[in-house]
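Commentary on secondary and tertiary structure
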Amino acid sequence: MNPVRIGFAGVGYMGQVAHLRNYAGRSDCQVVALAEPRPELARRVAAAFAVPKVYRDHHELAADPEVQAVVASQPHLRNGHVAIPLLAAGKHVFVEKPMAGSLEEAEAMQAAADAAGVILMVGLMKRYDPSVLAARERLHAYAAGGELGSLRRIHTHCYGGDWVQEALPPITTQESVPDDPGFAPVYPAGMDAEQGRQFQNYLNIVAHNINLVRFLYPGRLTVQAALGRRDQRLMHTALLSGEDGVIVELSAGSMRSHQWEEETSFYFEQGAVKLFTPSPLNRQGRGRVEVYISPTGKEARREEILPPIGWAFQRQAEQFIACVRDGVTPLSSGRDTLEDMRLMDCIFRAMILV
């Protein structure tokens, strides 16, 4: 089978460290072109990763008939600006999370993918982490078998910390990113510029965690209340409810720490399942799952699940290649991610700032 021919739109920090390194040198794909507006960075990265063609922007990439799919590693406010022309040109496209700067722009991106009959995948890489998949398997089994009784509450929080943890450094230059006169950020309808900027901060903080809850809990969620700080390093708490009366508490923020703190816990009548996800760029990081079962409340047993190491970014790249090759829907599709965007928009608009 011929390798999937991949182009890259953007080879800055995340473009190299989290993405390009997971595609270069594989037998099932070939990186045939990159588009990067910083000419020296583009030249050096192309030479280091043996990429034969270099373009100035995504429009030139879209015009290349050899390119089947594009990994667009851009600041999320540029996702629609970059992805929509690529999708319209018939390219399968991967974008980083959050999907867009507004629900309206995210919907336009998915509409472009639907019109062209191509795949739009969003970089919610935690869905590919072995610990997340192990937790999902257990949760589905308990829901089907009833061993833990009914689900009562979900609590998820991410206060961050060291998310890099000695990741391999990227190629860098002293060049600044040139202005793109065709780009203008698209903020949500009804928000002024300051609210729009705060919303982007919020999207960046909670996009993974609300997506994780939805991946692990199949019910539809409704926003009930939200509280947040006014300062720039925002701390947020939101309360949501599920169709079956499940209460969901979503807390997120930012802290300085040598470690990574992220947990998603499911509390049942007779036990709990807790998921601890690893620092994002730690290739050797391992998540874990804790299961607590207490049928009577007087005796209990615990189990710790340590899945094999499998870097989520690498597994995500493997899925994008497989989806382009086989035409299957990715676990983190654009269409599914629209629900994340809807919920985050609702939470932010409901938020009381203190």
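The structure this text deals with has already been given above.
The structure contained in this document is the topic of the report that follows. (Residues numbered from 1 in each chain as written. Predicted model: local features only at pLDDT ≥ 70, side-chain atom pairs only at ≥ 80, totals over all residues. Heavy atoms only, no water.)

**Structural notes on the pairing of strand β6 (residues 120–123)**
Of the two faces of β6, the one holding Leu120 and Val122 and the one holding Met121 and Gly123 are both buried throughout. The pairing of strand β5 (residues 92–96) with β6 spans four bridges and is parallel. Opposite Glu96, over in β6, you have Gly123 as the bridge partner. (Buried < 20%, exposed > 50% of the residue type's maximum accessible area, 1.4 Å probe, protein only. Helix = DSSP H or I, 4+ residues; strand = E, 2+ residues; numbered from the N terminus. Pairing = 2+ DSSP bridges.)

**Here's the deal with the side chain of Asp64**
With respect to the helices and strands, the residue Asp64 is situated in the loop between α3 (58–62) and β4 (69–72). Using a relative accessible area of 5% as the deciding quantity, one classes Asp64 as buried. Engagement of the side chain of Asp64 in a polar contact is seen with the side chain of Lys53, the distance being 2.7 Å. Those residues in contact with Asp64, other than ones at most four positions away along the chain, are Ala33, Lys53, Tyr55 and Lys91. (Polar contact = N/O pair within 3.5 Å; in protein donor to acceptor, adjacent residues only side chain to side chain. Contact = heavy atoms within 4.5 Å.)

**Observations concerning the sheet that holds strand β8 (residues 221–228)**
Spatially, the nine strands line up as an open sheet ordered β14-β13-β12-β11-β7-β10-β9-β8-β15, and their pairing is mixed. The open sheet terminates on both sides in strands that have one partner only, identified here as β14 (301–305) and β15 (351–353). Averaged over all pairs of adjacent strands, the angle between their axes in this sheet comes to 10°, without regard to strand direction. Lying over the sheet, helix α6 (residues 130–145) contacts β11 (260–268), β12 (271–276), β13 (288–293) and β14, oriented at roughly 25° with respect to β13. (Axes fitted to C-alpha atoms, helices over the stretch in contact; angles between N-to-C directions.)

**A word on the packing of aromatic side chains**
Two numbers describe a pair of aromatic rings. These are the distance of the centres and the angle of the planes. Taken as a whole, this structure holds six aromatic pairs when the rule is applied. Centroid distance Phe8 to Tyr23: 5.6 Å. Interplanar angle 80°. Geometry classified as edge-to-face. Of this pair, Phe8 sits in strand β1 (residues 4–9) while Tyr23 sits in helix α1 (residues 13–23); the two residues are 15 residues apart in sequence, bridging distant segments of the chain. Here Phe8 and Tyr23 have matching classes, each one buried. Members of the aromatic cluster, each reached through a chain of ring pairs, are Phe199, Tyr202 and Phe348. The residue whose ring lies beneath Arg78 is Phe183, and the NZ or CZ to ring-centre distance is 5.2 Å. Positioned over the ring face of Phe276 is Arg288, at 4.1 Å from the centre of the ring. (Phe/Tyr/Trp six-rings, centres within 6.5 Å; stacked < 30°, edge-to-face > 60°. Lys NZ or Arg CZ within 6 Å of the ring centre and 35° of its normal.)

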